[in-house]
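Chain residues, written in single-letter form:
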Amino acid sequence: MHTTKNYIYHLIAILTVGIWGLTFISTKVLIEHGLSPQEIFLLRFLMAYLGIWFISPRKLFADNWKDELWLLWGGVTGGSFYFFTENTALEITLATNVAFIVCTAPLLTTILSLLIYKKEKATAGLVGGSLLALVGVALVVYNGHFILKIPPLGDFLTLLAAFSWAFYSLIMKKMSGRYRTTFITRKIFFYGILTILPAFILHPWQFSLSGLWQPAVWMNLLFLGVLASLVCFVVWNIILKQLGTVRASNYIYLNPLFTLIGSAVLLDEQFTVMSLMGAMLILGGVYWAGKR
């Protein structure tokens, strides 16, 4: 029974990452319709924050100020800073490039977790699978640079986002045993919204509110805000608790597979032999890393 339940969590992790893989495409579409990275993030997290009040207990603050500061840091690393760097990168480079470089997050999470939490054990399969998947990521990135001549700034911003997500995963590990998942997620949304506001001092809101009625805009915003943020953040925090930070984070390697297919179909981005080779290595690496 325990094994069956465990497999269900693995399946839910794959579905969650699949949805997140399509968010790169939705964000790219919104950018093409004139929304800025911070505007997309603010609208996305506002919807999620309003929605989570219907399912979250009415507890307002953490039990002590240190935990409250950790949740603030979680709102930055898993919210404002992560999405601002990622969305800005999508203005500069391909959706597939961003998706694949973000895949360094699991390896960074593994390294940080092993350094900080002594209980996490680095098995040969976990390390080998992570490295194999990372080679797959490198193949696609290499393909982008030398065939499509993509500027490196977008890749650098995406790497910063990957570091940010790795720290977020560890913060969630620290907080998950102390508070309910819905409470933690609501605080992440709140602090994410709060810490993105300074970006509007430098780049004030410009998108016309009437533009929100365009089907391509409101449909993608609903997808990002309700499904990819409200639902997936709650689910992912449960997955981190059930499967462990390192093992769950390895599923992020599957993220670009969904982006790769979606980008080829919806954005007409190039789908090459090297991309396919990278995809196969990622699948193999995730399978290897996930075996006990």
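Residues numbered from 1 in each chain as written. Predicted model: local features only at pLDDT ≥ 70, side-chain atom pairs only at ≥ 80, totals over all residues. Heavy atoms only, no water.

Caption draft 1: Structural view of the environment of Val17. Along the chain, Val17 turns up in helix 1 (residues 2-32). In sequence terms Val17 and Ala228 are 211 residues apart; their C-alpha atoms lie 9.4 Å from each other. Setting aside its immediate chain neighbours within four residues, Val17 contacts Trp236, Tyr251, Ile252, Leu254, Asn255 and Phe258. (Helix = DSSP H or I, 4+ residues; strand = E, 2+ residues; numbered from the N terminus. Contact = heavy atoms within 4.5 Å.)

Caption draft 2: Local environment of the nonpolar core. With 68 residues, the main nonpolar core has Trp20, Trp165, Phe189, Phe233 and Trp236 as its most contacted residues. Among the elements that take part in this core, helix 10 (residues 215-243) stands out by supplying 12 residues, more than any other. Setting aside residues no more than four positions away along its own chain, Trp20 makes contact with Trp165, Ala228, Cys232, Phe233, Trp236, Ile252 and Asn255. (Core = buried A, V, L, I, M, F, W, Y, C linked by side-chain atoms within 4.5 Å. Buried < 20%, exposed > 50% of the residue type's maximum accessible area, 1.4 Å probe, protein only.)

Caption draft 3: Looking closely at the side chain of Glu39. Tracing the sequence through the fold places Glu39 in helix 2 (residues 37-52). Among buried Asp, Glu, Lys and Arg side chains, Glu39 stands out as unpaired, with Arg44 the closest opposite charge at 14 Å. At 2.8 Å, the side chain of Glu39 forms a polar contact with the backbone nitrogen of Gln206. Separated by 3.3 Å, the side chain of Glu39 and the backbone nitrogen of Phe207 make a polar contact. For Glu39, the residues in contact, after removing those within four places along its chain, are Gly34, Phe200, Pro204, Trp205, Gln206 and Phe207. (Lys, Arg positive; Asp, Glu negative; His and termini not counted. Salt bridge = Lys/Arg side-chain N within 4 Å of Asp/Glu carboxyl O. Polar contact = N/O pair within 3.5 Å; in protein donor to acceptor, adjacent residues only side chain to side chain.)

Caption draft 4: Representation of the pattern of salt bridges within the structure. Applying the stated criterion across every chain, the model contains 3 salt bridges. A salt bridge links Arg178 to Asp67; the nearest nitrogen and oxygen atoms lie 2.7 Å apart. Of the two residues, Arg178 sits in the loop between helix 7 (152-176) and helix 8 (181-196) while Asp67 sits in helix 3 (residues 65-92), which places them 111 residues apart along the sequence. Take Arg178: its relative accessible area is 43%, and that puts it in the partly exposed class.

Caption draft 5: Highlighting the packing of helix 3 against helix 7. Between helix 3 and helix 7, whose axes approach to 8 Å, the crossing angle comes to 155°. In terms of axis orientation, helix 3 runs roughly antiparallel to helix 7. At the point where helix 3 passes helix 7, the crossing takes the left-handed sense. Split into classes, the residues belonging to the contact of helix 3 with helix 7 amount to 17 nonpolar, 8 polar and 3 charged. (Axes fitted to C-alpha atoms, helices over the stretch in contact; angles between N-to-C directions. Parallel < 35°, antiparallel > 145°, perpendicular 65-115°, else oblique. Left-handed = near helix turned anticlockwise from the far one by under 90°. Nonpolar A, V, L, I, M, F, W, Y, C, P; charged D, E, K, R; others polar.)

Caption draft 6: Spotlight on the packing of helix 3 against helix 8. One can describe the packing of helix 3 onto helix 8 by two numbers: an axis separation of 7 Å at closest approach and a directional angle of 60°. Classed by the angle they form, the pair helix 3 and helix 8 counts as oblique. In this structure, helix 3 meets helix 8 at a crossing whose hand is right-handed. When helix 3 is examined against helix 8, the residues Glu68, Leu71, Leu72, Gly74, Gly75, Val76, Ser80 and Phe84 are found in contact with a partner set consisting of Phe183, Ile184, Lys187, Ile188, Tyr191, Gly192, Thr195 and Ile196. Considered class by class, the residues forming the contact of helix 3 with helix 8 number 9 nonpolar, 5 polar and 2 charged.

Caption draft 7: Representation of the packing of aromatic side chains. Applying the stated criterion across every chain, the model contains 20 aromatic pairs. Judged by centre distance (5.9 Å) and plane angle (70°), the ring pair of Trp20 and Phe233 falls under edge-to-face. Residue Trp20 is found in helix 1, and its partner Phe233 is found in helix 10; the two are separated by 213 residues along the sequence. Both residues of the pair, Trp20 and Phe233, count as buried. Residues Tyr49 and Phe190 carry aromatic rings whose centres are separated by 5.9 Å and whose planes lie at 40° to one another, so their mutual orientation is tilted. Note that Tyr49 is positioned in helix 2 and Phe190 in helix 8, a separation of 141 residues in sequence. Its relative accessible area of 32% is what places Phe190 among the partly exposed residues. When the ring centre of Phe183 is taken as reference, the NZ or CZ atom of Lys59 above it lies at 5.8 Å. The cationic tip of Arg186 hangs over the ring face of Trp53; the distance from NZ or CZ to the ring centre is 4.2 Å. (Phe/Tyr/Trp six-rings, centres within 6.5 Å; stacked < 30°, edge-to-face > 60°. Lys NZ or Arg CZ within 6 Å of the ring centre and 35° of its normal.)

Caption draft 8: Molecular detail of a nonpolar patch on the surface. A grouping of Trp218, Met219, Leu222, Val226, Leu227 and Val231 is seen on the molecular surface, where their side chains present a nonpolar patch of about 500 Å² in accessible area. Looking at where Val231 falls in the secondary structure, it is placed in helix 10. Looking at Val231, the relative accessible area reads 38%, which means it is partly exposed. (Patch = residues over 30% accessible without salt bridge, like charges linked within 9 Å, V, L, I, M, F, W, Y side chains within 5 Å. Areas by Shrake-Rupley, 256 points an atom, 1.4 Å probe, with all protein chains shown as cover.)

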